[in-house]
Protein chains: 2
Amino acid sequence: MTTLAGRASSPTLDEVAELAGVSRATVSRVVNGSPKVRPEARRAVEAAVAELRYVPNRMARSLVTRRTDTIALVLSESDTQVFSDPFFARVVRELSAALADTEMNLVLLAARGEREQEKVGRYVRQGHVDGVILMSLHSQDTLPRILAEAQVPLVLSGRPLDGHPVCYVDADNAGGARAATAHLLVAGRRRVATVTGPRDMIGGIDRYAGYRTALRDAGVAEDPALVAEGDFTEAGGAAAMTALLERAPDLDAVFVASDPMEVGALRVLRASGRSVPGDVAVVGFDDAPVAATSDPPLTTVAQPLGEMTSLMTELLLRQVEGDDEVRVRVCPTRLVVRESA
Amino acid sequence: MTTLAGRASSPTLDEVAELAGVSRATVSRVVNGSPKVRPEARRAVEAAVAELRYVPNRMARSLVTRRTDTIALVLSESDTQVFSDPFFARVVRELSAALADTEMNLVLLAARGEREQEKVGRYVRQGHVDGVILMSLHSQDTLPRILAEAQVPLVLSGRPLDGHPVCYVDADNAGGARAATAHLLVAGRRRVATVTGPRDMIGGIDRYAGYRTALRDAGVAEDPALVAEGDFTEAGGAAAMTALLERAPDLDAVFVASDPMEVGALRVLRASGRSVPGDVAVVGFDDAPVAATSDPPLTTVAQPLGEMTSLMTELLLRQVEGDDEVRVRVCPTRLVVRESA
DNA sequence: ATGAAAGCGCTAACAC
DNA sequence: GTGTTAGCGCTTTCAT
């Protein structure tokens, strides 16, 4: 009992060493799993550790190892609520899964607005984390630059808009959009519209580019009346679809550049009396399996989110281990045909 | 240029001291804003800090101060996606707002499943944070106990189900539900149904209790056919509403225990051909301002989320400063009448 | 007002 | 295999 008496502050390595009758170094070896320790001594140390409920002081350890064993997922946005986005929820889940077997910890940092972004930058520069995975959503974001200058291992989720030479993992958004659009054209659709994402997000840009490529490939001229910009939200998708129906009532297909927007677009489409996919064929970009709940299941472009997140952690951990190389990965997307359009 | 030559590792206090021509101690004083330093020396130090881009090493500082200046918001859940919940998004926003003027940092820790919960427990015990705000959603959660035993400053969001003597901030869920139900009864509604939350969440329990209290106050017997359990999601609300309409087609009012559920319930209600609030009056519990987007605006019970989060940080920071007292706050909820039911 | 010096708790050579 | 020792970068008495 006396050993736990002064429980004001937690026990140190020395106290464990004394109780176990060995030196600090040996305790350290046991705690860090070094094999060069006699089983006998090891047991004594383990007993002492258990009795004192010893937990190593991270600050002391990090001060010498220069490692914190934690990485940050930072979410940079101007004002919108990333958190409500099921896509983001999935990324978090996949990331913690990827780190589950590691002894790496994952912390989330939210940076809305300039002040918070600077706070996050400071946090990172002070050495709280070994590396960061950055989800920066809009082009005018300053955080990518701040973090790049902080000299901290960094992996971007999504290709940076400014073409900065930085490590990133992206989905083949253009390829997926192209495949989706081509699928509609091949099925005989002649008036293929699109609900795009915002022009300042890489996903919106690339998916629109893919749509255009498919049209060009098929020798179809682009009709501005068939293009409406959305904002990746359900409401935005509904608004864009409404605009499309007004401008081009004869459209017979639509490629919707995101999941939530697809839900909104479908609602408007059905409310207008059109049947799906009878009158209008729809292909959506499946960020997260939201569409799976829509009825009936539609053809979608699937993102390999699991693969992407494990690649991001791999690339990041490599940098943490000292790899200087700037690596880039673009994961293939694939068209999942769920009905005959 | 030579001063930035070896930019491999960041500059230390000594380097700044040498460049400024003062001692480490003085640099430390300047960096920490001590007033006991000659303006002249201060300027020299500031110049050196700027030139070297000096940033204090947090680990070294924390090792001696025993403070990290960061608190964690930990989200404990078994499997559901808290992240998709707009309520949670609002809490995060309010919390960072409350800490914006502080030099406290906020990190989010997601703990899904037992393994991650233990990882979070370890993270906290190792001294990475000065305190934690815990959003534990289900009753069988082990994290509250783990953290309580970790001796770390702790504030729960929501009253703990097991009545453990711990600091927490809660909304007056029972009072709000009671007011909502009473409002419906006073308006002359005779068949007041309810869509409850889960039985293992404090919010679900307390709001159901409030509903029952209101019935008892009015001398109305509770009818099991008028009670359906939801899961706080939109889909769950829709399912519960469907069940209610089947079991009690004559219901003329319903108290819905959460925002997303209200959206689902309204959809079902309207699809059934009933007018709202003509045929069926609806009052929902407004966790986040989702209902504001529903049409028409309905009467709701509003939670003072801003007040709650600032109370949580206040209570937590007090503990960090050494306050032992176990304090508890229950914030009043208020009925916002938006239409004549 | 400033500097010298003593640690904070830990890891990592280095000797034995 | 184990102990001794020297720091990691910082704050904080204590003299001056």
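Looking up chain A in an unreviewed UniProt entry gives the name Transcriptional regulator, LacI family, with the organism given as Geodermatophilus obscurus.

What follows covers the relation of the copies chain A and chain B. Superposing chain A onto chain B requires a rotation of 180 degrees together with a translation of 0.0 Å along the rotation axis, leaving an RMSD of 0.1 Å. Those values place the two copies in the arrangement expected of a two-fold rotation axis.

Another point: the UniProt feature "domain: HTH lacI-type" (unreviewed entry) in chain A. This chain's UniProt record puts "domain: HTH lacI-type" (unreviewed entry) on residues 11-65 of chain A. Along residues 11-65 of chain A the backbone is 69% helical and 0% strand, and the end-to-end C-alpha distance reaches 20 Å.

Quick look at the interface of chain A and chain B now. Contacts between the two partners involve 42 residues from chain A, matched on the other side by 42 residues from chain B. Buried surface at the junction of chain A and chain B, both sides included, amounts to about 3,700 Å², of which 56% is carbon and sulfur. Counting across the interface, chain A meets chain B through two salt bridges. The set of elements that each furnish at least two residues to the side of chain A that touches chain B consists of α4 (58-65), α5 (86-99), β2 (105-112) and α6 (113-125) of chain A.

A word on the sheet that holds strand β10 (residues 299-302) of chain B. Residues and elements named next belong to chain B. Taking strand neighbours across the sheet as the criterion, the six strands line up as β7-β6-β8-β9-β10-β12 in an open arrangement whose pairing is mixed. One side of each edge strand has no neighbouring strand; the edge strands of this open sheet are β7 (227-229) and β12 (334-336). Geometrically, the sheet is characterised by an average inter-axis angle of 20 degrees between neighbouring strands, direction not taken into account. Relative to strand β9 (residues 281-286), strand β8 (residues 253-256) is paired through four bridges, and the arrangement is parallel. Residue pairing across strands places Val 254 opposite Val 282, the latter belonging to β9. Strands β6 (192-196), β8, β9, β10 and β12 of the sheet are contacted by helix α8 (residues 173-186), whose axis makes an angle of about 165 degrees with β9.

Right, let's get into the pattern of salt bridges. Residues and elements named next belong to chain A. Under the criterion given, the structure shown has 34 salt bridges over all chains. The salt bridge involving Arg 24 is made with Asp 14; its shortest N-O contact spans 3.1 Å. Separated by ten residues along the polypeptide, Arg 24 in helix α2 (residues 24-31) and Asp 14 in helix α1 (residues 13-20) bring together distant segments of the chain. Relative accessible area serves as the criterion here: at 48%, Arg 24 is assigned to the partly exposed category. The exposure class of Asp 14 is partly exposed, given its relative accessible area of 39%. Among the ionic pairs, Asp 217 bridges to Arg 178, the shortest N-O distance being 2.5 Å. Of this pair, Asp 217 sits in helix α9 (residues 202-217) while Arg 178 sits in helix α8 (residues 173-186); the two residues are 39 residues apart in sequence, bridging distant segments of the chain. On the basis of relative accessible area, Asp 217 is assigned to the partly exposed category, the value being 43%. Here Arg 178 falls in the partly exposed class, since its relative accessible area comes to 38%. Put simply, Arg 58, Arg 67, Asp 69, Asp 130 and Glu 321 are held in one network by salt bridges that share partners.

The rules we used
The residue numbering used here restarts from 1 in each chain and proceeds along that chain's sequence as written. Following the order in which they are written, the chains are lettered starting with A and the ligands numbered starting with 1. Thresholds applied to this predicted model are a pLDDT of at least 70 for local features of residues and 80 or more for the giving and counting of side-chain atom pairs; totals over whole chains, interfaces and linings are not thresholded and use all residues. Working from all heavy atoms in the structure, the side-chain values ignore hydrogens and water. The atoms used to superpose the copies are C-alpha atoms, taken from residues with pLDDT of at least 70 in both, and the fit is least squares. UniProt positions are given in the numbering used here, feature names are shortened, and annotations may be inferred rather than shown by experiment. Only runs of H or I of at least four residues qualify as helices and only runs of E of at least two qualify as strands under DSSP, and these elements are numbered from the N terminus. We call two residues in contact whenever any of their non-hydrogen atoms come within 4.5 Å of each other. Once two parts are joined, some of their accessible surface, as seen by a 1.4 Å probe, is lost; buried area is that loss totalled over both. By definition here, a salt bridge exists when the distance from a side-chain nitrogen of Lys or Arg to a carboxyl oxygen of Asp or Glu is within 4 Å. In this scheme, strands are said to pair when DSSP sees at least two bridges between them. Angles run from 0 to 180 degrees between N-to-C directions of axes, and those axes are lines fitted to C-alpha atoms, restricted for helices to the stretch in contact. Type-normalised accessible area, obtained with a 1.4 Å probe on protein chains alone, sets the label of each residue: buried when under 20%, exposed when over 50%, and partly exposed for intermediate values.

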